[in-house]
Amino acid sequence: MATAALLENPLRQGLFSDRVPEPCSLVIYGASGDLTHRKLVPALYDLFEKHMLPTSFNLVGISRSKMTDEDFKKHLKESLKESKPQLSDSLWESFSQNFHYVAGGYDDFKAYQALSKLLDDLDAENGAAANRIFYLSTPPNVFEAIISNLGAAGLNREEKGYARIVIEKPFGHDLASAKELNVKVKEVFKENQIYRIDHYLGKETVQNLLVMRFANSIFEPIWDRRHVDHVQITASEDLGVGSRAGYYESSGVLRDMFQNHLFQVMCLIAMEPPVTYEANAIRDEKLKILKSIRPFEERTLSQFAVRGQYGPGYLAGERVPGYRQEEGVNPKSITPTYAAIKVYLDTWRWHGVPFLLRSGKRLPKRATEVSIQFKEPPNLLFKSNVSELSPNVLVVRIQPDEGITLKFETKVPGMTMEAKTVNMDFRYGTTFAEGTSEAYERLLLDCMLGDATLFIRGDETEAAWEALMPVLSRWENTEPEGDFPNYEAGSWGPAAADHLLEKSWRKWRRL
Ligand SMILES: NC(=O)c1ccc[n+]([C@@H]2O[C@H](COP(=O)([O-])OP(=O)(O)OC[C@H]3O[C@@H](n4cnc5c(N)ncnc54)[C@H](OP(=O)(O)O)[C@@H]3O)[C@@H](O)[C@H]2O)c1
């Protein structure tokens, strides 16, 4: 449906009306940056199109770059047009009428006083009801300065309306810094005011893990060590480090993908049913899983974790450079661009079931999926073709081609008892007319509604760091076991990752 028609159609508006938040102001720190332009503002626009933005909504951008309100709007409009080439001037005008910009250093207290006055004026002008969200979209080294200045300016108070703070990832660089950041932010904001982002949780398909598990009765009885052989969680990227070498060199794949996204997905797969669909009930169950991760030991680490770094290779027929040849990367860098980790969860449900997590750059394709691989039948009747029988697999494709596939054996028509693996398939693209929403659209809306279910609690983030620290510190302080680079760009990663599978019949899935 064309946008104008969508906006004019009252029935359509009614469809969305039950989740329209109260009036509020959203203040984005780092407003001149990539995330604001490429993700946050397009997500806000999508909410606007669906009539899900509050009736009175102000956006205040803050960063050090000198800009007027008009410059700010002009830049936002230009970047929004990249993802929405049909954007009309009239819709843009109506979307952006309450957009403002404040130029200021993150440690310049006067800028916070000016912001406080601007927010008060906006409340008086258009009734934003003193509800404020402060979104930290800057590099993490300025998070603490912003948080303490917001406190000093009284912008954390909730006397007239709510005050919430959204903190982008990464939340800390290691356990010690995550703890320190938690202390700093909790000196100023209460836990129920804090929204730590992991944008994976905003993805439809990740939320659907909860619906799949807890809105169906068929999965629960088989969701345990008796029936599941192992679980694979893969997040593969075909891109290299691109222009983010500065960040990636000090981060690497464990901080970039495991501490947050892969561990969160593992929690949703492994957690016990929560008592209610409520933020703390869900987060309590996720926390138990993070705390049940069997500690990695230095002595046996190589049996549980494999690191890799891409060398030159071919992707889609094109020659691509190795990691050490990328701009901004130390030519002797030991930063891992690939990791595979075998996690054991010491719980009754999952005792002895390996969770095999892997992620890497410059793998053959971009795909994120979870596969639950079931045990073989206890008594194989069809002896003639035992070797061809494959165990059942439930595959949840998180992106792209979002959907779920159950793989099972069936008889090939004919006079012999020949079996073949077939698929039962659900695809979002063919089942639902509505496209899946962008993660940030859902997360911004939930924050405005005060729903923290899809955000990370402070203790969760610390438990995830704690589990990962032995691997991180070992890898940072020792040379790789084999030579780096140890996998070619365009391959599925280092061969050593196969050793994690333990059993000959287990295979990493080719996505
Ligand atoms: N981009 C993404 O897709 C993405 C995805 C997930 C998470 N994140 C997280 O979101 C946050 C913002 O990411 P981004 O990609 O938008 O970053 P960015 O473009 O590098 O930075 C955002 C803004 O922060 C300010 N800034 C940059 N370097 C600074 C410094 N050293 N000190 C103070 N201010 C600085 C800049 O504004 P001024 O110079 O005008 O002040 C810049 O426009 C980061 O924490 C990042 O980890 C980003």
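Residues numbered from 1 in each chain as written. Predicted model: local features only at pLDDT ≥ 70, side-chain atom pairs only at ≥ 80, totals over all residues.

Asks: Please set out the pairing of strand S15 (residues 393–399) residue by residue, giving values where relevant.
Replies: When strand S14 (residues 367–374) meets S15, the two strands line up antiparallel, connected through six bridges. Bridging across to S15, isoleucine 372 finds its partner in leucine 394. Taken together, the five bridges between S15 and strand S16 (residues 403–411) define a ladder with antiparallel strand orientation. Within S16, the residue paired with arginine 397 across the bridge is glycine 403. Hairpin connection between S15 and S16: a loop of three residues separates the two successive antiparallel strands, and aspartate 401 in this loop has a positive phi of roughly 50°. (Pairing = 2+ DSSP bridges. Helix = DSSP H or I, 4+ residues; strand = E, 2+ residues; numbered from the N terminus.)

Asks: A description of the pairing of strand S1 (residues 24–29) should follow, citing residues and the corresponding values.
Replies: Of all six residues in S1, six are buried; the element is thus mostly enclosed. Of the two faces of S1, the one carrying Cys24, Leu26 and Ile28 and the one carrying Ser25, Val27 and Tyr29 are both buried. Relative to strand S2 (residues 57–63), S1 runs parallel, the two sharing six bridges. Following the sheet pairing, leucine 26 is matched in S2 by leucine 59. In this fold, the crossover linking S1 to S2 by way of helix H3 (residues 34–49) has right-handed handedness. Pairing analysis gives five bridges linking S1 to strand S4 (residues 132–136), with the strands arranged parallel. Bridged to serine 25 within S4 is arginine 132. (Buried ≥ 20, exposed ≤ 12 C-beta atoms within 10 Å, placed from the backbone. Right-handed = clockwise from strand over helix to strand, strands pointing away.)

Asks: Describe the sheet that holds S16, and please don't skip the residues or the numbers.
Replies: The mixed open sheet is built from eight strands, whose spatial order is S8-S12-S13-S7-S14-S15-S16-S17. The open sheet is flanked by strand S8 (305–308) and strand S17 (419–427), the only strands paired with a single partner. Along the sheet, successive strands turn relative to each other by an average axial angle of 15°, direction set aside. Most of the contacts of helix H9 (residues 204–214) go to S15, to which it runs at about 145°, and overall it touches S15 and S16. Helix H11 (residues 252–270) rests against strand S7 (228–236), strand S12 (338–344), strand S13 (354–360) and S14 of the sheet, and its axis sits at about 145° to S13. (Axes fitted to C-alpha atoms, helices over the stretch in contact; angles between N-to-C directions. Contact = placed C-beta atoms within 7 Å.)

Asks: Hey, could you go over the sheet that holds S4 for me, with residue numbers and the actual values?
Replies: Across the sheet, which stays open at both edges, the six strands sit in the order S3-S2-S1-S4-S5-S6 with parallel pairing between neighbours. Sheet topology places strand S3 (99–103) and strand S6 (194–196) at the edges, where each strand pairs with a single neighbour. With direction set aside, neighbouring strand axes in the sheet form an average angle of 20°. Where S4 meets strand S5 (residues 163–167), five bridges bridge the pair, whose relative direction is parallel. Looking at the pairing, arginine 132 lines up with alanine 163 of S5.

Asks: Account for the site of the ligand, with residues named and values stated.
Replies: The local shell around the ligand holds 18 residues, among which Gly30, Gly33, Leu35, Ser63 and Arg64 are the closest. The element best represented in the shell around the ligand is H3, accounting for three residues. Taken together, the residues of the shell around the ligand sort by class into six nonpolar, seven polar and five charged. (Near = placed C-beta within 6 Å. Nonpolar A, V, L, I, M, F, W, Y, C, P; charged D, E, K, R; others polar.)

Asks: I'd like a rundown of the domain arrangement of the protein chain, residues and numbers included.
Replies: By domain assignment, the protein chain separates into domain 1 (3–168) and domain 2 (201–436 + 484–501). When each unit is reduced to the centre of its C-alpha atoms, the spacing between domain 1 and domain 2 is 35 Å. (Domains from an automatic or database assignment.)

Asks: Got a sec to walk through the packing of H11 against helix H12 (residues 279–292)? Specific residues and values, please.
Replies: Where H11 meets H12, the closest approach of the two axes is 9 Å, and the angle between their N-to-C directions is 110°. Considering their axes alone, H11 and H12 lie roughly perpendicular with respect to each other. Between H11, through Phe263, Met266, Cys267 and Ala270, and H12, the contact on the second element is made entirely by Lys286, Ile289 and Leu290. Class assignment for the residues of the contact of H11 with H12 results in six nonpolar, no polar and one charged. (Parallel < 35°, antiparallel > 145°, perpendicular 65-115°, else oblique.)

Asks: Pulling in residues and values, what's your account of the nonpolar core?
Replies: Judged by nonpolar contacts, the single largest core of 124 residues is most densely connected at Phe258 and Met266. With 12 residues, the top contributor of residues to this core is H11. Shared between two domains, this core holds at least three residues of each, these being domain 1 (3–168) and domain 2 (201–436 + 484–501). Each residue touching phenylalanine 258, except ones within four places of it in the same chain, is listed here: Val253, Phe263, Ala339, Ile341, Leu357, Ser359 and Leu468. (Core = buried A, V, L, I, M, F, W, Y, C linked by C-beta atoms within 7 Å.)

Asks: Would you mind going over the environment of proline 85 in detail, with residue names and values included?
Replies: With respect to the element layout, proline 85 can be found in the loop between helix H4 (69–83) and helix H5 (89–96). With 217 residues separating them along the chain, proline 85 and serine 302 place their C-alpha atoms 50 Å apart.

Asks: Describe the environment of alanine 339, naming the residues involved and giving the relevant values.
Replies: Assignment of secondary structure puts alanine 339 in strand S12. Using a count of 25 C-beta atoms within 10 Å as the deciding quantity, one classes alanine 339 as buried. With 30 residues separating them in the primary sequence, alanine 339 and glutamine 309 have C-alpha atoms 8.8 Å apart. When residues no more than four places from it in sequence are discounted, the contact partners of alanine 339 are Val253, Leu254, Phe258, Ala305, Val306, Arg307, Arg358 and Ser359.

Asks: I'd love a proper account of H9, names of residues and values included.
Replies: Listed in full, the buried residues belonging to H9 are Thr205, Val206 and Asn208. Buried residues in H9, looked at end-on, bunch into an arc of 150°, giving them a common side. (Arc of directions from axis to C-beta.)

Asks: So what's going on with helix H15 (residues 458–477)? Which residues, and what values?
Replies: Each α-helix winds once per 3.6 residues, and so residues spaced three or four apart point in a common direction. Here H15 is 20 residues long and its end C-alpha atoms lie 27 Å apart, about the 28 Å a rise of 1.5 Å per residue gives. Burial in H15 covers these residues: Glu460, Thr461, Ala463, Ala464, Trp465, Ala467, Leu468, Val471, Leu472 and Trp475. Check the buried side of H15 and you find it contacts helix H8 (175–188), S6, H11, H12, S8 and S12. (Expected span 1.5 Å × (residues − 1).)

Asks: So what's going on with unusual backbone geometry? Which residues, and what values?
Replies: Omega for the bond connecting lysine 169 with proline 170 falls within 30 degrees of zero, at 5°, which places this linkage in the cis form. Inspection of the secondary structure puts proline 170 in the loop between S5 and H8. Notably, arginine 362 is not glycine yet its phi reads approximately 55°, a positive angle. Examined against the element boundaries, arginine 362 turns out to sit in the loop between S13 and S14.

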